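# Residue-level structure breakdown
Now for the letters of each chain:
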Amino acid sequence: MTDQLSKKILIVEDEYIIADVLRNLLQNAGYDICGIADSVDEALELIEINRPNFVLLDIYLKGKLTGIDLANQLTEENIPFVYLSANSNQSILEEAKKTNPYGFIVKPFREKDVLVALDIAVYRHENNLENKLRQNAALQKKVARIIDLQADWTYKLMQIGQALQPYIPFEYLSVGLKSNDNNNDEIGFMRIGFEEYQTIGPKELMVITNKKSYELSALKGKSTWEQLATWYDEKELQAAFNEQPMRKLITETFSMKSLLVFPVPLSGNQAIYFFFYGRRPDAYDSDHLILCDQFRNLIGDFAQIMVSDSKSPLGSNPVYNGVHRTAGQEMSANLFAGIIGSSHLLLNVFDNVQQVAPADSSVLILGESGTGKERIAERIHYLSPRKSKPFIKVNCAALPATLIDSELFGHEKGSFTGAFERKIGRFEQAHTGTLFLDEIGEIPLELQVKLLRVLQEKEIERIGGRTTIKTDVRIIAATNRNLEMEVAEGRFRLDLYYRLNVFPIVMPPLRERKEDIPALANHFLIIYSRKTGKAIKGLSEKVLESMQTYRWPGNIRELENLIERSVLLAKSDFIDTIALPFQTEQPAMSFIANASVQTMKENEKTHILRALNECGWKIWGPGGAARLLNLPPTTLNSKMKKLGITRSFQK
């Protein structure tokens, strides 16, 4: 155990016997128990008096308020907490996940379960603190460098947006100045590639929106300005359109779905506003408000210097128009060489990689088979301080259950039948480097216990060995399974899930980034044309349209195989036909569809309804619609909301 475990802990539990057991257990382990509460109101009183360092929190408490309500308050006050609950079903985990806990202890629990869960919580909390310090230091260094650049303020402002991108992702950033003289000038930056932005000033916005200058001014004049940082999801943003006509214009013009407002007060009753727009309906949450508080002083220093300059872009001076690239963009782009695409979902993955790579935190890469999880794991390693050390891959799904133990931890000669010599396991091979555990969801339960112990204690013991071996390994895990559902159904340990899920990265399926299909197809076309010695010039528009209407259950791997096959079968220098399995191609809609023709959205809704009816409206678990449709339950639930499928169902 670490020294951190001597910190004060508050127990919030409405069953006295359980609370007393926890108090004795934790005191014997060296914790300082600063109180026991059985309701949210009592807990808040104790928090105000004692300010605990950690909270053990039951979900169901006395009174009307639950542990979920208290968790939201703890998050705002930056007090880490671990849940206690007699339930670990999917719905409970979903609600718990939204509050960003540091762990989850399931009742009934053993002493070891509690101590391990708290050890994991300390690990995760320390990682978060380390990340915050690193973020602040890195951003402070970038801001100082940006201020000293020999460049106009528009370029510097774009650089500030880019510096914030890994922490507060956006597809469109609008920056406005609010002052006493009613100066509401704004300048925007549209992300069009990796570290590549299009500047959109007042003149450009007039052209794009087909609005006159006075019309834009009128829209700005009618818009209200928030005093505090806040965020809007898709529904909230649309509901605010009446009070925010300028945001309505930007949202509809650039196809945005969510917004984060970040006001930074300046001297002289001025304030600079950063409006971060995202294309995902839920791009922002309470964590981004914490980041706004964290970065406010740094951004305020930059903004104060900028608005004090007569050449500030937020005034009467003309703004620079054009595509901005960072000075080292070509070098930066090479960091992701071989990963093709520029969709906003993929760019968000790149941002996450850049953010987590310098740290030593565990990373969990989630996504369907064929989405490129291994490539992303490689990029994390080669962008980290461990890049010159070993990068060891283990495909957990390809190893027989009887050999995984030996493969990971090694064995001594003669330790079992067939062990003719000593074997060095993957953990030892990866010492001082990175271990990539692909398809971690396939590891059997009995080995999960040992893996968790190794991750906690940072030491291994070979099969048949008598000594422990210290290891210094960074863990990157990946899976195509829904681990939350695996936990709920008892196939994956909750404590191991929380230990691995320090920094999750979700790889989008190809069907959600269809704008990348032409670039991917041409990339593979070049590769296999060279391999076969054929001079294939390209794909026809008809073929590309067909590919973009197909759902790609096998994702990028399926696309690559299809292009390879098409090149082998090609009889000319142009591919104008392609054999898509389960073809869903629709004719080009160059006419107004009549009522008898369903749109793709209607087809999708019909398809989901058919699956739900067939499964008796069961979504999760065996025999559920999610399994039938080969979709994660959370994705299916999101699609149902988006498509207006609101009939109640049994979980």
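For the structure itself, look to the data block above.
These notes cover the structure that comes with them. The structure displayed is predicted, hence computed values, not measured ones. (Residues numbered from 1 in each chain as written. Predicted model: local features only at pLDDT ≥ 70, side-chain atom pairs only at ≥ 80, totals over all residues. Heavy atoms only, no water.)

Secondary structure summary: the protein chain contains 25 helices and 21 strands in total. Looking at the protein chain residue by residue over its 651 residues, the buried ones come to 52%. Within the protein chain, contacts between residues at least 6 apart in sequence are counted, and of these 70% link residues at least 24 apart. Of the roughly 31,100 Å² that the protein chain leaves accessible, carbon and sulfur atoms contribute 51%. (Helix = DSSP H or I, 4+ residues; strand = E, 2+ residues; numbered from the N terminus. Buried < 20%, exposed > 50% of the residue type's maximum accessible area, 1.4 Å probe, protein only. Contact = heavy atoms within 4.5 Å. Areas by Shrake-Rupley, 256 points an atom, 1.4 Å probe, with all protein chains shown as cover.)

Below, the discussion takes up the environment of T75. With respect to the helices and strands, the residue T75 is situated in helix α3 (residues 67-76). Through-space distance from the C-alpha of T75 to that of N100 is 7.8 Å; in sequence the pair is 25 residues apart. Not counting chain neighbours up to four residues away, the residues in contact with T75 comprise F81, T99 and I290.

Taken together, the side chains of Y16, I17 and V21 define a hydrophobic patch exposed on the protein surface, amounting to about 360 Å² of accessible area. Along the chain, V21 turns up in helix α1 (residues 16-28). (Patch = residues over 30% accessible without salt bridge, like charges linked within 9 Å, V, L, I, M, F, W, Y side chains within 5 Å. Salt bridge = Lys/Arg side-chain N within 4 Å of Asp/Glu carboxyl O.)

This next bit is on the side chain of T99. With respect to the helices and strands, T99 occurs in the loop between α4 (90-98) and β5 (104-106). By relative accessible area, which is 3% here, T99 ends up buried. Within polar-contact distance, the side chain of T99 engages the side chain of Y83 at 2.9 Å. If near-sequence neighbours (up to four positions away) are discounted, T99 is found in contact with I68, A71, N72, T75, F81 and Y83. (Polar contact = N/O pair within 3.5 Å; in protein donor to acceptor, adjacent residues only side chain to side chain.)

What follows concerns empty space enclosed by the protein. Counting across every chain of the model gives two cavities of 30 Å³ or more. Size it by volume and the largest cavity reaches roughly 90 Å³. Elements represented by at least two residues in the lining of the largest cavity include exactly α10 (245-253) and β11 (271-278). Per-element tally for the lining of the largest cavity: the top contributor is α10, with three residues. In this structure, the second largest cavity spans a volume of roughly 70 Å³. Looking at the second largest cavity, the residues that line it are Y172, S174, E186, I187, G188, I200, G201, P202, L205, L216, K220 and M246. Counting residues per element, the ones that place at least two in the lining of the second largest cavity are β6 (172-178), β7 (186-193), α7 (202-209) and α8 (213-222). The residue makeup of the lining of the second largest cavity, split by class, is seven nonpolar, three polar and two charged. (1 Å grid on protein atoms, 1.4 Å probe; cavity = no way out; pocket = protein on both sides within 12 Å on 5 of 7 lines; lining within 4 Å. Points joined across faces, edges and corners; volume = space filled by probe spheres on them. Nonpolar A, V, L, I, M, F, W, Y, C, P; charged D, E, K, R; others polar.)

With that settled, consider the nonpolar core. Residues L57, Y83, F427, L435, L437 and I440 are the most contacted members of the largest nonpolar core, which totals 54 residues. Among residues more than four places away in sequence, those in contact with L437 are V394, C396, L408, L451, I475, I476, A477 and A478. Listed in part, the 39 residues of the second largest apolar core include L139, V143, F276 and M306. (Core = buried A, V, L, I, M, F, W, Y, C linked by side-chain atoms within 4.5 Å.)

Let us look at the packing of aromatic side chains. Tallied over the entire structure, the rule returns 21 aromatic pairs. Between F170 and Y197, the ring centres sit 6.0 Å apart and the planes meet at 35°, which makes this aromatic pair tilted. Of this pair, F170 sits in the loop between α6 (153-164) and β6 while Y197 is found in strand β8 (residues 196-200), placing the two residues 27 residues apart along the sequence. Neither F170 nor Y197 differs from the other in exposure class; each is buried. Taken together, F170, Y197, F262, F274 and F276 form an aromatic cluster joined through their ring pairs. In this structure, K156 packs its charged tip against the face of W153, placed 4.3 Å from the ring centre. Positioned above the aromatic ring of Y123, the side-chain terminus of R499 is 3.6 Å from the ring centre. (Phe/Tyr/Trp six-rings, centres within 6.5 Å; stacked < 30°, edge-to-face > 60°. Lys NZ or Arg CZ within 6 Å of the ring centre and 35° of its normal.)

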